[in-house]
Amino acid sequence: MHYQTESWGSYMPTRSSVGDPLERIERLASENAVVIFSMSTCCMCHAIKRLFCGMGVNPTVHELDEDPRGKDMEKALMRLLGSSTAVPVVFIGGKLVGAMDRVMASHINGTLVPLLKEAGALWL
């Protein structure tokens, strides 16, 4: 797994880092084949990360509770999903797959692997 930490230790807002949280989510989601928005203490987030790692996929993980703008991103994800639960949220190939229920349904019905292959996250 690749945990994404934009160098916020010396956080200086730039033009691209300020603004709409949804735009930031879309930008981050499109930068890697598999992107998971997560909370470090969430058991469902842990399960979804383990699922992808177990499949041989190396997802990029954005831990919202470790990001200074994570609360705003969490609210934007809740609006995007139309849900009261914001995480985990998975994007594959820059496209929203959804929360845990959608990812697991895709895995069970056999559509997850083709999505991963199409995004270049899985080669076999």
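Remember, it's a predicted structure, so these values are computed and weren't measured experimentally.

Before going further, it helps to examine the overall build of the protein chain. Within the protein chain, the secondary structure is distributed over 5 helices and 5 strands. Seen in sequence order, the protein chain has helices and strands lined up from the N terminus as β-α-β-α-β-α-β-β-α-α. Taken across its 124 residues, the protein chain has 39% of its residues classed as buried. In the protein chain, the proportion of contacts linking residues at least 24 apart, taken out of those at least 6 apart, comes to 65%. Approximately 7,000 Å² of the protein chain is accessible, and the part contributed by carbon and sulfur atoms is 55%.

Let us now look at the pattern of salt bridges. Here the structure, examined in full by the defined rule, presents 4 salt bridges. Ionic pairing is found between lysine 49 and glutamate 63, a salt bridge with its closest N-O pair at 2.8 Å. With a gap of 14 residues between them, lysine 49 in helix 2 (residues 43-54) and glutamate 63 in strand 3 (residues 60-63) connect regions that are remote in the sequence. Residue class for lysine 49 comes out buried when judged on its relative accessible area of 6%.

Moving on: helix 3 (residues 70-81). Here helix 3 contains 12 residues, and its C-alpha end-to-end distance of 16 Å stays within 8% of the 16 Å for a straight helix at 1.5 Å per residue. Residues Gly70, Met73, Glu74, Ala76 and Leu77 constitute the buried set of helix 3. In an axial view of helix 3, the angular spread of the buried residues amounts to 165°, which keeps them on one side of the axis. Away from the buried face of helix 3 by more than 90 degrees, exposed residues Lys71 and Arg79 are located. Contacts made by the buried residues of helix 3 are with helix 1 (21-30), strand 2 (34-38) and strand 4 (89-92). A positive phi of about 65° marks glycine 82, the residue just after helix 3.

Taken as a whole and judged by the stated rule, the model has 1 aromatic pair. For the pair phenylalanine 37 and phenylalanine 91, a centre-to-centre distance of 5.8 Å together with 80° between the ring planes defines the contact as edge-to-face. Placement of phenylalanine 37 in strand 2 and of phenylalanine 91 in strand 4 is noted, with a sequence separation of 54 residues between them.

For the rest of this paragraph, the subject is the environment of phenylalanine 52. Inspection of the secondary structure puts phenylalanine 52 in helix 2. Taking relative accessible area as the criterion, phenylalanine 52 reaches 0% and is therefore assigned buried. Ignoring anything within four residues of it in the chain, the contact list for phenylalanine 52 reads Val34, Ile36, Val57, Pro59, Val90, Ile92, Val103, Leu112 and Leu116.

With respect to the secondary-structure elements, glutamate 23 resides in helix 1. Relative accessible area serves as the criterion here: at 52%, glutamate 23 is assigned to the exposed category. Linking glutamate 23 and methionine 73, residues 50 residues apart in sequence, is a C-alpha distance of 9.6 Å.

Scoring rules and cut-offs
- Residues numbered from 1 in each chain as written.
- Predicted model: local features only at pLDDT ≥ 70, side-chain atom pairs only at ≥ 80, totals over all residues.
- Heavy atoms only, no water.
- Helix = DSSP H or I, 4+ residues; strand = E, 2+ residues; numbered from the N terminus.
- Buried < 20%, exposed > 50% of the residue type's maximum accessible area, 1.4 Å probe, protein only.
- Contact = heavy atoms within 4.5 Å.
- Areas by Shrake-Rupley, 256 points an atom, 1.4 Å probe, with all protein chains shown as cover.
- Salt bridge = Lys/Arg side-chain N within 4 Å of Asp/Glu carboxyl O.
- Expected span 1.5 Å × (residues − 1).
- Arc of directions from axis to C-beta.
- Phe/Tyr/Trp six-rings, centres within 6.5 Å; stacked < 30°, edge-to-face > 60°.

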